[in-house]
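Chain and residue survey
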Amino acid sequence: MLCVAVMLSVMVMGAGAAFSDQDKIENTEAVDACVALNIIGGYPDGSYKPEGNIKRSEITKMICVALNGGKEPNVSTNSKPTFNDVRGTNAAWAEGYIEACVAQGIVSGVGGGRFSPNGNVTGTQLAKMLLVCLGYDAGIEGFVGSAWETNVNVRAAQKGLYEGLESMDTAAALTRDSAAQMVWNAMNAYEVEYKTTIVTDENGNLITQNVAEDKQAIGEDNKLVRVTLLGDKYEASVYEGILVASGEYGIQGKSAGKDKLTLQVKAVNGASVSTARESTFKYANDITDLMGQYIKVLVDDKTNAYGVFPVADQNVVASATFDKVKIDGTKISVDGTAYNYNDGAIEGIEKTSGTELKISELTGTKYAEVASGDVITFISNDGDSKIDLAIVNPMKSASSSLDKVTYVSKTEFVAGGNSYEFDDVIAPNDLAKGDYVAYYENTYTGDKEFIKADKVSGKVTSTKDSGKEVKIGDNWYKVGNTTPDSPFYQALMKKGDAVELNSTVTAYVVNGVIYYANAETAGSTDTALVLAAPGSMDTNGNYQVKLLFSDKTTKVVPADQKYDGLEGKLVTWEVSDDVYELEAVSAVNKAGGDVYAESTTGFEKADKTLAEKKVASDAVIYVTYKDGTKDKETVLSGNELNGLGGDLNGNVYYVLTDGLISLAYIDSDSYLPGANATQLYGYVVSSVSENNDNNVKYKQYDVYTTDGKLVEGVKQKATTSVKKGDFIKLNLTSDNYAEGVQKLSEIETNAGALLNYGDDYLVVLGSNGKATNINLDDDVKYLEVNTEDVKGIGNEANLEKASETGIANEYYANVSYYVEGGEALLVVIDTTGKWNNGTTDVTVTQREATTPTKAQVATATTSAGSLTVTGSSINITDGETITLTGYSGTANKFDVKLTAASSTSATMTLEGNILKNGPVIATGNKADIEVTGEGNITGKIVITGDGLATKTINFTIKVQK
């Protein structure tokens, strides 16, 4: 069964580091912060091992990285090592870090010239190191000598280094969990600096003394503030407050923007702010699961957030389904626990369209204590356990209840009549046809995240609360709400059959609530189509009826009555004593479905609809149709219907189940495209003969098909005119009959030159002189042919770009194509590289882009400094030289004017070492182009247009006195 935690987790991912052993970490905030600051990390297997001990070598690296702002420091080693047990051992990797810490007085050896790099670190030892990092002098503070441990522990407690670790044995080996807490405490502690003061000693003499004081710097509003280690080394601060937006999602109508969060700031670096404000920081992670909670945000000086951490002692979060929520006097009860509350609007849902639903309205039978699987989360975010707000991420569907899954493939599924690509949504891995689903909208990404209802089957053995709760098997379930817009606007409702005492049901359950139910009912769902009911009787005195069954078999069966009014009707049937009893499918007998209806709109191939409705993949579709003058019948599945080669007109009688056609009868006078045949494209490669077989006339010819085979002696009974060299679409039966033949005259019309191609497109230059982008269907077929010799060659996509004829922009046609629904279903390739129309090789010429409306070198806009133009009419011509005269120190400018013709673009480029500001590129008018002396400027205009050949105009500008 789905649980509340799962329902909430679909909102977002958590903000923590999420190690594989995360549940063992006690100091979560500290570990996550140190990971974010690059001070500490996990292991290759994804674990953190919080219970493991920190080695002395490891702690030196952590300290060096922390003091370098999270970046790997540039450490070095001495020619002679300080210690004799580091270099040449398995701890040699840490020698540089150890030497750096020794040089700063942070660590020392253990005696005898040894450092003991693999030894464990105690709490007091780490405290000493961190105090030195904060600025304390070990000698002045007595961190050396016989009393060093006492002095360290006193000062460490004063600076808060043991905060959250009050029960820790400081003399014992330190765990990785506790080490992270101490380091994080130190990062938030204030640094110190020593100041010299004059004091009176015990003998009354004035002496100087060095005293450690908290370091200060100028902060906000030019006020002095104390400096933390975090602020100094990382230029970072810790902001505290209420999360009001993450990405595009927020409460109170707020939005932070992509990859950002917005905080209602309450404190900075532990100090309360005097004036409430909102601050937005850059943070790419989804933290919408912390929405409305009191959090800490670790931020650098460029407003980048390192990490986000909820503050446990400030937040109370209580979640429950709506049936477990009620107003209890002046308090709100959530799953039996009472809370005081501040009234306000519930985020994520409405009472009615455009109307807020408030916490105080969760009373009565309309808005609370309603059998709903939706979860509401209540949050207190100021440490007083008084509810401040509530949030709901509601279940949704295409219908007003759960959606039934009617089709599943590797790439997509259909639920509630809508198709969803698996790549576009988040769906259960075990999703199967027949499941019932709903979805949540991921508040951060907007993705649909589907959940699957639990399926429960059995007899209802007990009920209570007037049937609002039922027992199936060993478990009790709530019967879902059936009142619209309860417990909130557009909440999902329970649909399907009634769930009553002693009924046997299949129920679909979310969070213990039944949203859909199917009850076993009397009556048959076995179907057939009545082909004939002549009223004749068999030797046993039973009436005879001819039926087409769903398994495609046709039988004459004994029946209990004439049924002469049921010819051409869908029926359900039952057998009693070997005699069939029939009942017409109708609005009364829906054959187990939901709705019976009739239509004059048949099957439409483009939309894959029948009677303008989608068809279930396993639907049973009875069809009567014409083959020439003969009446025929068959039975198709929904998949087979959708795979037909074309439309099928006729009257339709159908049953809808869960919004999809599950049963239908199509009564058509048309040919059934592709019935019992394979749809192919082909090239007629022989002469066509007329033949007669037992007074049945047919055409006969050879076809090379997209199967890559030559099919000899194909018989065509239809009257469609075909000849050698034609391209056709056909359905080929197993006995070589061509059905539904369609001549593809477009192939000759579309013949052109292949200029470019990719996996899903062709660029073909046609007879209109323009290159066109042709999109290819996912299941495009290929025919390789020799059009001059009228021969089939193959069916591979052996595409080659067209050859030029030797005349500018002229090419030999070498491909053609057939399009349906905007995409090419067939591509024909002439393997000779020259398409022949029966008499000559076809050539196509690509039109050049149109000359610009205006292309001119002109007098400068700043006329006082303009050169005089000789030549250059409205349009510069190819090879033209334009002379600019009158050059001097002050007369040194000119303009260019460029206006592209309609549906084209033009770019003018000027190059020459006399151009003062280097090469000039103009796509329109450009004023006051300066030159530095006499000489030549090379000009070029390039004109392009969609599908047209590029036109280039070259010219020269000559500058002289």
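Just above sits the structure.
What comes next concerns the included structure. Source: prediction; values computed, not measured. (Residues numbered from 1 in each chain as written. Predicted model: local features only at pLDDT ≥ 70, side-chain atom pairs only at ≥ 80, totals over all residues. Heavy atoms only, no water.)

**So, the overall build of the protein chain**
Secondary structure assignment for the protein chain yields 11 helices and 63 strands. In summary, the protein chain has a C-alpha radius of gyration of 42 Å against a globular reference of 30 Å for 961 residues, an excess of more than 25%. In the protein chain, buried positions account for 46% of the 961 residues. Residue pairs in contact within the protein chain that sit at least 24 positions apart in sequence constitute 57% of those at least 6 positions apart. (Helix = DSSP H or I, 4+ residues; strand = E, 2+ residues; numbered from the N terminus. Rg over C-alpha atoms; globule rule 2.2 N^0.38 Å. Buried < 20%, exposed > 50% of the residue type's maximum accessible area, 1.4 Å probe, protein only. Contact = heavy atoms within 4.5 Å.)

**Quick notes on empty space enclosed by the protein**
If you roll a probe as big as a water molecule over the atoms, it shows you where there is empty space left. Under the defined criterion, the tally for this structure stands at 2 cavities of 30 Å³ or more. Of the pockets and cavities examined, the largest cavity occupies roughly 70 Å³. In terms of lining residues, the largest cavity is bounded by Ile39, Met62, Ile63, Ala66, Leu67, Leu130, Cys133, Val183, Ala186, Met187 and Leu229. Counting residues per element, the ones that place at least two in the lining of the largest cavity are α3 (56-67), α5 (123-133) and α8 (176-188). Here the lining of the largest cavity gets 4 residues from one element, more than from any other, and that element is α3. A per-class count over the lining of the largest cavity returns 11 nonpolar, no polar and no charged. (1 Å grid on protein atoms, 1.4 Å probe; cavity = no way out; pocket = protein on both sides within 12 Å on 5 of 7 lines; lining within 4 Å. Points joined across faces, edges and corners; volume = space filled by probe spheres on them. Nonpolar A, V, L, I, M, F, W, Y, C, P; charged D, E, K, R; others polar.)

**Thoughts on the nonpolar core**
Counting residues in hydrophobic clusters, the biggest one holds 62 residues, and the most contacted among them are Ile39, Ile106, Leu126, Met182, Trp184, Met187 and Leu230. Only α2 (28-36), α3, α4 (95-103), α5, α7 (148-158), α8 and α9 (229-234) provide two or more residues apiece to this core. Once residues within four sequence positions are removed from consideration, Leu126 is found in contact with Ile59, Val121, Leu174, Ala179 and Met182. Core analysis: the second largest hydrophobic core is formed by 28 residues, Ile876, Phe894, Ile929 and Ile941 among them. (Core = buried A, V, L, I, M, F, W, Y, C linked by side-chain atoms within 4.5 Å.)

**Description of a negative patch on the surface**
A contiguous patch of negative charge on the surface is contributed by Asp526, Asp560, Glu574, Asp577, Asp578, Glu581 and Glu583. Mapped onto the elements, Glu581 comes out in strand β33 (residues 579-584). (Patch = residues over 30% accessible without salt bridge, like charges linked within 9 Å, V, L, I, M, F, W, Y side chains within 5 Å. Areas by Shrake-Rupley, 256 points an atom, 1.4 Å probe, with all protein chains shown as cover. Salt bridge = Lys/Arg side-chain N within 4 Å of Asp/Glu carboxyl O. Lys, Arg positive; Asp, Glu negative; His and termini not counted. Charge placed at Lys NZ, Arg CZ, Asp CG, Glu CD.)

**Focus: the sheet that holds strand β21 (residues 436-441)**
With respect to topology, 5 strands assemble into an open sheet ordered β20-β19-β18-β21-β22, the strand pairing being antiparallel. Both outer strands of the open sheet, β20 (418-421) and β22 (448-452), are each paired with one neighbouring strand and no more. Each neighbouring strand pair of the sheet contributes to a mean axis angle of 45 degrees, computed without reference to strand direction. The pairing of strand β18 (residues 403-408) with β21 spans 2 bridges and is classified as antiparallel. Across the sheet, the residue bridging to Lys404 is Tyr436, located in β21. (Pairing = 2+ DSSP bridges. Axes fitted to C-alpha atoms, helices over the stretch in contact; angles between N-to-C directions.)

**What about the pattern of salt bridges?**
For the coordinates displayed, the defined rule picks out 26 salt bridges. The residue Lys296 makes a salt bridge to Glu29 at a minimum N-O spacing of 3.3 Å. Of this pair, Lys296 sits in strand β9 (residues 294-299) while Glu29 sits in helix α2, and the two are 267 residues apart along the sequence. A cluster of three or more residues bridged by salt bridges with shared partners is formed by Lys159, Asp214 and Arg226.

**Side note on α5**
Of all 11 residues in α5, 10 are buried; the element is thus mostly enclosed. Among all positions in α5, only Gly123, Thr124, Leu126, Ala127, Lys128, Met129, Leu130, Leu131, Val132 and Cys133 are buried. Where α5 is buried, its residues meet α3, α6 (138-141), α7, α8 and α9. Positive phi appears at Gly135, one or two residues downstream of α5, with a value of about 115 degrees.

**Quick notes on the side chain of Glu99**
Among the structural elements, Glu99 can be located in helix α4. Although Glu99 is buried, it forms no salt bridge, and the closest oppositely charged side chain is Arg87 at an N-O distance of 5.8 Å. Within the local environment of Glu99, its side chain forms a polar contact with the side chain of Thr82, the two groups lying 2.6 Å apart. Other than its neighbours up to four places away in sequence, Glu99 contacts Ser76, Asn78, Pro81 and Thr82. (Polar contact = N/O pair within 3.5 Å; in protein donor to acceptor, adjacent residues only side chain to side chain.)

**As for the layout of surface pockets**
By volume, the largest pocket amounts to about 1400 Å³. Counting only elements with at least two residues in the lining of the largest pocket, the list comes to β18, β19 (412-415), β37 (615-627), α10 (638-642), β41 (678-684), β45 (727-732), β49 (771-786) and β53 (823-830). Ranked by residue count, the leading element in the lining of the largest pocket is β49, at 5 residues. Across the lining of the largest pocket, the residue classes tally to 14 nonpolar, 15 polar and 13 charged.

**Focus on the pairing of strand β48 (residues 761-765)**
Taking burial as the measure, the 5 residues of β48 include 4 buried ones, the bulk of the element. Across 5 bridges, the pairing between strand β47 (residues 753-758) and β48 is antiparallel. Counterpart to Ala753 in the pairing with β48 is Leu765. With 5 bridges connecting them, β48 and β49 associate as antiparallel partners.

**A few points about the packing of α5 against α7**
Across the interface, α5 lies against α7 with an axial gap of 9 Å and an inter-helix angle of 65 degrees. The hand of the α5/α7 crossing is left-handed. The residues of α7 that touch α5, namely those facing Thr124, Gln125, Ala127, Lys128 and Leu131, are Trp148, Glu149, Val152, Asn153, Arg155 and Ala156. Tallied by class, the residues present in the contact of α5 with α7 amount to 5 nonpolar, 3 polar and 3 charged. (Left-handed = near helix turned anticlockwise from the far one by under 90°.)

**Considerations on the side chain of Ser246**
Note on placement: Ser246 falls in strand β5 (residues 237-246). In contact with Ser246, other than residues within four places in its own chain, are Lys260, Leu261, Asn285, Asp286, Ile287, Thr288, Met291 and Tyr444.

**What to know about the packing of aromatic side chains**
Where two aromatic rings form a pair, the distance of their centres and the angle of their planes describe that pair. Under the defined criterion, the tally for this structure stands at 22 aromatic pairs. Ring centres 5.2 Å apart and planes at 45 degrees place the aromatic pair Phe83 and Phe115 in the tilted group. Remark: Phe115 occurs in the loop between α4 and α5 and Phe83 occurs in the loop between α3 and α4; sequence separation between them is 32 residues. With a relative accessible area of 9%, Phe83 lands in the buried category. We classify Phe115 as buried; its relative accessible area is 1%. Plain terms: the ring middles of Trp573 and Tyr580 are 5.4 Å apart, the flat faces sit at 50 degrees to each other, and that makes the pair tilted. Assigned by exposure class, Trp573 and Tyr580 land together as buried. Taken together, Phe413, Tyr420, Phe422, Tyr439 and Phe450 form an aromatic cluster joined through their ring pairs. We note Arg176 situated over the ring of Tyr48; from NZ or CZ to the ring centre the distance is 4.4 Å. Lying over the aromatic face of Phe549, Lys555 brings its terminal NZ or CZ to 5.6 Å of the ring centre. (Phe/Tyr/Trp six-rings, centres within 6.5 Å; stacked < 30°, edge-to-face > 60°. Lys NZ or Arg CZ within 6 Å of the ring centre and 35° of its normal.)

**A word on α4**
Counting buried residues along α4, 7 of its 9 residues qualify, which places the element largely inside the surrounding structure. Buried residues belonging to α4 abut α3. Downstream of α4 by one or two residues, Gly105 has phi in the positive range, about 75 degrees.

**What to know about the packing of α3 against α4**
Direction vectors running N to C along α3 and α4 enclose 65 degrees, while the axes themselves pass 8 Å from each other. Relative to α4, α3 is oriented roughly perpendicular. Handedness of the crossing formed by α3 with α4: left-handed. Between α3, through Thr60, Lys61, Ile63 and Cys64, and α4, the contact on the second element is made entirely by Tyr97, Ile98, Ala100 and Cys101. Residue classes in the contact of α3 with α4 are distributed as 6 nonpolar, 1 polar and 1 charged. (Parallel < 35°, antiparallel > 145°, perpendicular 65-115°, else oblique.)

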